[in-house]
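Tertiary structure, described
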Amino acid sequence: MIYLLIGMKSETAATRPGRPRAFDPDVALERAMHVFWAKGYEGASLSDLTQAMRINRPSLYAAFGNKEQLFRKVLDRYMDGPLAFFQEALAARKARDVIEQMFFGAARMASDPRLPSGCLMVQGALACGDAAGSVRKEIGARRAAAKAALRRRFQRAKREGDLPPNADPAELSHYVMTVLHGMAVQGADGANQDQLRRVAQIALRAWPRR
């Protein structure tokens, strides 16, 4: 290895291509997601992460940053992957279809044997202490953004006459998020898909009719 003095440049070093990574970042990130999902943010140690990702700490820092930066990347992957049903459901034609797809999507995810139980954002928040305040705030901000997206969707539904005039989009979005969080906790406690689907069906009965 060639060590260069600060301020000096080496034409050879500048033109030599960097060493290719010996691991697939997407695969490593997927494995990190499973660790955080199963253990929460604080419960997942760097040793847990590097072992699951099959990389060493320098490689982790070089590719993903520190633990908090890695967790933020994991949250992005989670929302674009296992939680993608939430965003897709917002495009449903009717408001009731929106929440039906969300509830049943949550039931499928919570009982998928390929995934850890529960919800990464719920589990991650519950396992965050005071030392991980910025992570807790990040999770809270993402959950608030999801609730706001629901509220906007229900406001549109009300304007279109898809909800009764006395329906409150803010209250409905809070209701839906509460049910989803409860299903995630039940899933983490071992509830299977049929049990969670029954919860969803009961929750749907409370949906306001025009």
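Before reading further, recall that the structure is shown in the block above.
Residues numbered from 1 in each chain as written. Predicted model: local features only at pLDDT ≥ 70, side-chain atom pairs only at ≥ 80, totals over all residues. Heavy atoms only, no water.

This paragraph deals with the packing of aromatic side chains. Applying the stated criterion across every chain yields a total of five aromatic pairs. Centroid distance Phe 36 to Tyr 41: 5.9 Å. Interplanar angle 10°. Geometry classified as stacked. Its relative accessible area of 0% is what places Phe 36 among the buried residues. Accessibility expressed as a relative area gives 10% for Tyr 41, which makes it buried. (Phe/Tyr/Trp six-rings, centres within 6.5 Å; stacked < 30°, edge-to-face > 60°. Buried < 20%, exposed > 50% of the residue type's maximum accessible area, 1.4 Å probe, protein only.)

Moving on to the packing of helix α5 (residues 67–80) against helix α9 (residues 133–159). Describing two packed helices takes the angle between their axes plus the distance from one axis to the other. Where α5 contacts α9, the two axes come as close as 11 Å, and the packing angle between them is 20°. As judged from the angle between their axes, α5 and α9 are roughly parallel. Between α5 and α9 lies a crossing whose hand is right-handed. Seen from α5, the contacting residues are Glu 68, Phe 71, Arg 72, Leu 75, Asp 76 and Met 79; seen from α9, they are Ser 134, Val 135, Glu 138, Ile 139 and Arg 142. Here the residues of the contact of α5 with α9 sort into five nonpolar, one polar and five charged. (Axes fitted to C-alpha atoms, helices over the stretch in contact; angles between N-to-C directions. Helix = DSSP H or I, 4+ residues; strand = E, 2+ residues; numbered from the N terminus. Parallel < 35°, antiparallel > 145°, perpendicular 65-115°, else oblique. Left-handed = near helix turned anticlockwise from the far one by under 90°. Contact = heavy atoms within 4.5 Å. Nonpolar A, V, L, I, M, F, W, Y, C, P; charged D, E, K, R; others polar.)

The next point concerns the side chain of Arg 153. Along the polypeptide, Arg 153 turns up in helix α9. For the buried residue Arg 153, which engages in no salt bridge, the nearest side chain bearing the opposite charge is Glu 160, 4.8 Å off. Only 3.2 Å separates the side chain of Arg 153 from the backbone oxygen of Arg 93, close enough to count as a polar contact. In contact with Arg 153, not counting residues within four places along its chain, are Leu 90, Ala 92, Arg 93, Lys 94, Ala 95 and Val 98. (Lys, Arg positive; Asp, Glu negative; His and termini not counted. Salt bridge = Lys/Arg side-chain N within 4 Å of Asp/Glu carboxyl O. Polar contact = N/O pair within 3.5 Å; in protein donor to acceptor, adjacent residues only side chain to side chain.)

What follows concerns the side chain of Glu 138. Tracing the chain through its elements places Glu 138 in helix α9. Here Glu 138 falls in the buried class, since its relative accessible area comes to 19%. Among the polar contacts made by the side chain of Glu 138, one reaches the side chain of Arg 72 at a distance of 2.5 Å.

Moving on, we come to the nonpolar core. If you look at soluble globular proteins, the nonpolar side chains tend to sit buried side by side. Judged by nonpolar contacts, the single largest core of 65 residues is most densely connected at Leu 70, Phe 86 and Phe 103. For this core, the element with the most residues is helix α7 (residues 95–110), which contributes 10 residues. (Core = buried A, V, L, I, M, F, W, Y, C linked by side-chain atoms within 4.5 Å.)

Let us look at the environment of Leu 60. By secondary structure assignment, the location of Leu 60 is in helix α4 (residues 57–64). For Leu 60, a relative accessible area of 1% puts it in the buried group. For the pair Leu 60 and Leu 49, spaced 11 residues apart in the sequence, the C-alpha separation amounts to 8.9 Å. Beyond its immediate sequence surroundings of up to four residues, Leu 60 is in contact with Leu 49, Thr 50, Met 53, Ile 55, Gly 65 and Leu 70.

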